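# A structural walkthrough
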Amino acid sequence: MDGIYRTGKVFSVKKSQPILVQSEGVTRDEEFYFLSNLDQNIAVIIQTVYCFKQDDMKCSKNVANVIKQALAKVLVHFYPLAGNLTISPDGKLIVECSNDGVPFVEAVADCSIDVLGDITIPDPVILGELVHTIPGAKNILEMPLLTAQVTRFKCGGFVLGMTINHCMTDGISAMEFVNSWAETARGMSLTIPPFVDRSILRSRQSPTISYDHKEFMEIQDKSNMERLYKEEQIVYNSFYFDQEKIGRLKKLAMEDGEIKSCTSFTVLTALVWRARSKALKMKPHQETKLLFAVDGRSKFSPPLPKGYFGNGIVLTCCLCKVGELVQKPFSHVVGLVQDAIKMVDEEFIRSTIDYFEVTRARPSLTATLLITSWTRLSFNTTNFGWGDPSQSGCVTLPEKEVVLFLSKGREKGTTLLLGLPRTAMKTFQDLILA
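Please read all numbers here as calculations on a predicted model, not as lab measurements. (Residues numbered from 1 in each chain as written. Predicted model: local features only at pLDDT ≥ 70, side-chain atom pairs only at ≥ 80, totals over all residues. Heavy atoms only, no water.)

## What about the packing of helix α6 (residues 264-279) against helix α8 (residues 330-342)?
- The N-to-C vectors of α6 and α8 enclose an angle of 120 degrees; their axes lie 9 Å apart at closest approach. Of the two possible hands of crossing, α6 and α8 adopt the one that is right-handed. Two secondary-structure elements touch here, α6 through F265, T266, V267, T269, A270, L271, W273 and R274 and α8 through F330, V333, V334, L336, V337, Q338 and I341.
- Of the residues assigned to the contact of α6 with α8, the class counts are 11 nonpolar, three polar and one charged. (Axes fitted to C-alpha atoms, helices over the stretch in contact; angles between N-to-C directions. Helix = DSSP H or I, 4+ residues; strand = E, 2+ residues; numbered from the N terminus. Left-handed = near helix turned anticlockwise from the far one by under 90°. Contact = heavy atoms within 4.5 Å. Nonpolar A, V, L, I, M, F, W, Y, C, P; charged D, E, K, R; others polar.)

## Describing helix α5 (residues 243-254)
- A rise of 1.5 Å per residue sets the reference length of α5, with its 12 residues, at 16 Å; its end C-alpha atoms lie 16 Å apart and thus fit the reference within 8%.
- Against the buried residues of α5 lie β12 (234-241), α6, α8 and β18 (414-421).
- The opening residue of α5, the one whose side-chain oxygen lies 3.2 Å from the backbone nitrogen of E244, is D242. (Expected span 1.5 Å × (residues − 1). Polar contact = N/O pair within 3.5 Å; in protein donor to acceptor, adjacent residues only side chain to side chain.)

## Observations concerning the packing of aromatic side chains
- Considering all chains together, one arrives at 14 aromatic pairs under this definition.
- Between F158 and W386, the aromatic rings sit 5.8 Å apart at their centres with planes inclined by 80 degrees, giving edge-to-face as the arrangement. Linking F158 in strand β11 (residues 158-165) with W386 in the loop between β15 (368-373) and β16 (391-394), this pair joins segments that are 228 residues apart in sequence.
- Among the residues examined, F158 registers a relative accessible area of 1% and is labelled buried.
- The exposure class of W386 is buried, given its relative accessible area of 5%.
- Centre to centre, the rings of W181 and F384 are 5.6 Å apart; their planes meet at 90 degrees, and the pair counts as edge-to-face. Remark: F384 occurs in the loop between β15 and β16 and W181 occurs in helix α3 (residues 171-185); sequence separation between them is 203 residues. Take W181 and F384: they sit in the same class, and that class is buried.
- One aromatic cluster is present, built from ring pairs that chain together F52, F78, F158, F177, W181, F309, F384 and W386.
- One Lys or Arg, R202, reaches over the ring of F34 and ends 4.0 Å from the middle of that ring.
- Lying across the ring of Y229, K400 places its NZ or CZ 5.3 Å from the centre. (Phe/Tyr/Trp six-rings, centres within 6.5 Å; stacked < 30°, edge-to-face > 60°. Buried < 20%, exposed > 50% of the residue type's maximum accessible area, 1.4 Å probe, protein only. Lys NZ or Arg CZ within 6 Å of the ring centre and 35° of its normal.)

## Remarks on helix α10 (residues 422-432)
- Those residues of α10 that sit buried are A424, M425, F428 and I432. Looking down the long axis of α10, one finds its buried residues gathered within 100 degrees of arc, a one-sided arrangement.
- On its buried face, α10 sits against α4 (225-231), β12, α6 and β18. (Arc of directions from axis to C-beta.)

## Looking at the sheet that holds strand β7 (residues 84-87)
- On the basis of which strands lie adjacent, the open sheet formed by three strands has the order β5-β8-β7 and antiparallel pairing. The two strands at the open ends of the sheet, each matched to only one other strand, are β5 (32-33) and β7.
- Of the pairings in the sheet, the one linking β5 to strand β8 (residues 93-96) comprises two bridges and is antiparallel in character. Across the sheet, residue Y33 finds its bridge partner in β8, namely V95. (Pairing = 2+ DSSP bridges.)

## Description of the pattern of salt bridges
- Under the defined criterion, the tally for this structure stands at 15 salt bridges.
- Between D39 and R198 there is a salt bridge, with its nearest N and O atoms 3.0 Å apart. One end of the pair, D39, is in helix α1 (residues 37-40); the other, R198, is in the loop between α3 and α4, with 159 residues separating them in the sequence.
- Overall, R198 belongs to the buried group, its relative accessible area being 1%.
- For the salt bridge of E106 with K68, the shortest nitrogen-to-oxygen distance reads 3.5 Å. With E106 in strand β9 (residues 102-109) and K68 in helix α2 (residues 63-74), the pair connects residues that are 38 residues apart, well separated along the chain.
- According to the relative accessible area criterion, K68 is buried, its value standing at 17%. (Salt bridge = Lys/Arg side-chain N within 4 Å of Asp/Glu carboxyl O.)

## As for the pairing of β11
- For β11, a buried count of eight out of eight residues is recorded, marking the element as mostly surrounded by other parts of the structure.
- Neither face of β11 is open: one carries F158, L160, M162 and I164, the other V159, G161, T163 and N165, and all of them are buried.
- Pairing analysis gives eight bridges linking strand β6 (residues 45-52) to β11, with the strands arranged antiparallel. By the bridge assignment, Q47 is partnered in β11 with T163.
- Between strand β10 (residues 146-152) and the antiparallel strand that follows it, β11, lie five residues; G156 among them carries a positive phi value of about 100 degrees.

## Digging into the environment of A424
- Position of A424 relative to the elements: it lies in helix α10.
- On a C-alpha basis, the gap between A424 and R276 in space is 8.0 Å, while along the polypeptide they are 148 residues apart.
- A424 has contacts with L228, E232, A279 and L280, leaving out every residue within four places of it along the chain.

## A short note on the side chain of R274
- As for its placement among the helices and strands, R274 is situated in helix α6.
- D256 is the oppositely charged side chain nearest to the buried, salt-bridge-free R274, at an N-O distance of 9.1 Å.
- In this view, R274 contacts L325, V326, K328, P329, F330 and V333; residues no more than four positions away in its chain are not counted. (Lys, Arg positive; Asp, Glu negative; His and termini not counted.)

## Here's the deal with the side chain of Q149
- Along the chain, Q149 falls in strand β10.
- Q149 gets classed as buried once you look at its relative accessible area, which sits at 0%.
- At 2.9 Å, the side chain of Q149 and the backbone oxygen of E129 are in polar contact.
- At a separation of 3.0 Å, a polar atom in the side chain of Q149 contacts the side chain of T151.
- In this view, Q149 contacts V13, K15, V105, A107, E129, L130, V131, H132, V159, L160 and G161; residues no more than four positions away in its chain are not counted.

## Looking at the packing of α6 against α10
- α10 packs onto α6 with a crossing angle of 140 degrees between their chain directions and a minimal axis gap of 8 Å. Comparing their axes, α10 and α6 come out oblique. Note on packing geometry: the crossing formed by α6 with α10 is right-handed. Every residue of α10 that contacts α6 at L271, V272, A275, R276, K278 and A279 is listed here: A424, T427, F428, L431 and I432.
- Classifying every residue of the contact of α6 with α10 gives eight nonpolar, one polar and two charged. (Parallel < 35°, antiparallel > 145°, perpendicular 65-115°, else oblique.)

Right, dumping it as structure tokens:
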């Protein structure tokens, strides 16, 4: 590729042709691998990168080979990732257990890893060079479930770039997979072996829909937001909230006595929902929806098995008019978020599974904010033998409606990550920092 400028320096990457890494030495009788209804609606590719600085005690010349061999070994446990996504006779996503393998690319960058700078903010152009994608793929069925790329830098540092289909893992199981891969590279046994049987989340024999599931509700765009997204460039930005800022938000939420306690997640979610709606110039009579994922593993009785491999999350929903969102006290918005969390129990999750079984509906994202929180995921402890990553990040966000909450290393604050049309981002920034 031609050089791209990054932090004032030219950055270019030379890639090898991908090879297919198959699961090592195990054949299975299983022809197809079942995906639950919680997996069906999130078949989007998540692209992440992990930066490892030079280890003065250990040369990284053979790092690609170590990570590749470890991938073949760990795929014995996570064998569906070496298969292909296809459609079952009843019209659902399912994995063909072909063991075709995971595309693996070795690459070399002609600069120091420091040229990357801060990778907290998505950069599809630069960071996109550090992951292996399939540009000619016409749809999700033509994309591998997992790809890996190891890029070595002149300084001895390296980057592991990974793409994975969200239908295979939520954040928790993705973290457990990557950490298992790293443990394998260090010659260790798996701390958390995967529980791969997703049939425990099959729909009930007689599907029972016991909630109205407004998360699937279609909303009309009465504020012409789509035109804004088409006419303006999408820009990405991140905003860091330390404990002091979060403390002030909690105090604001509780000052009128309507709510007695609140978490960092609920106040930040309320703040972002309100500010983003204003920034996109949503009209007062515009309905707006907030979706966010709740981990359902502990909501079941008994809880889902440790190491459950798949999506154990469910989307919950708040719905109101923008006028209510921006005019009522901050405590009211925080209360809406709290109510949506309280709604999620085992029956809600079972009802969601059954709802998809009956309707095959997909959540509508018009006038919607979708928040995903990775604050409790320990991606920065992924050690392949060259120490923990110095930083990690997303190449891009999977949908324009998504806002990502991230932890910042070992600090206790939260980083918000989002993309908006340029003028909306300026307004959002003014509101969020006010």
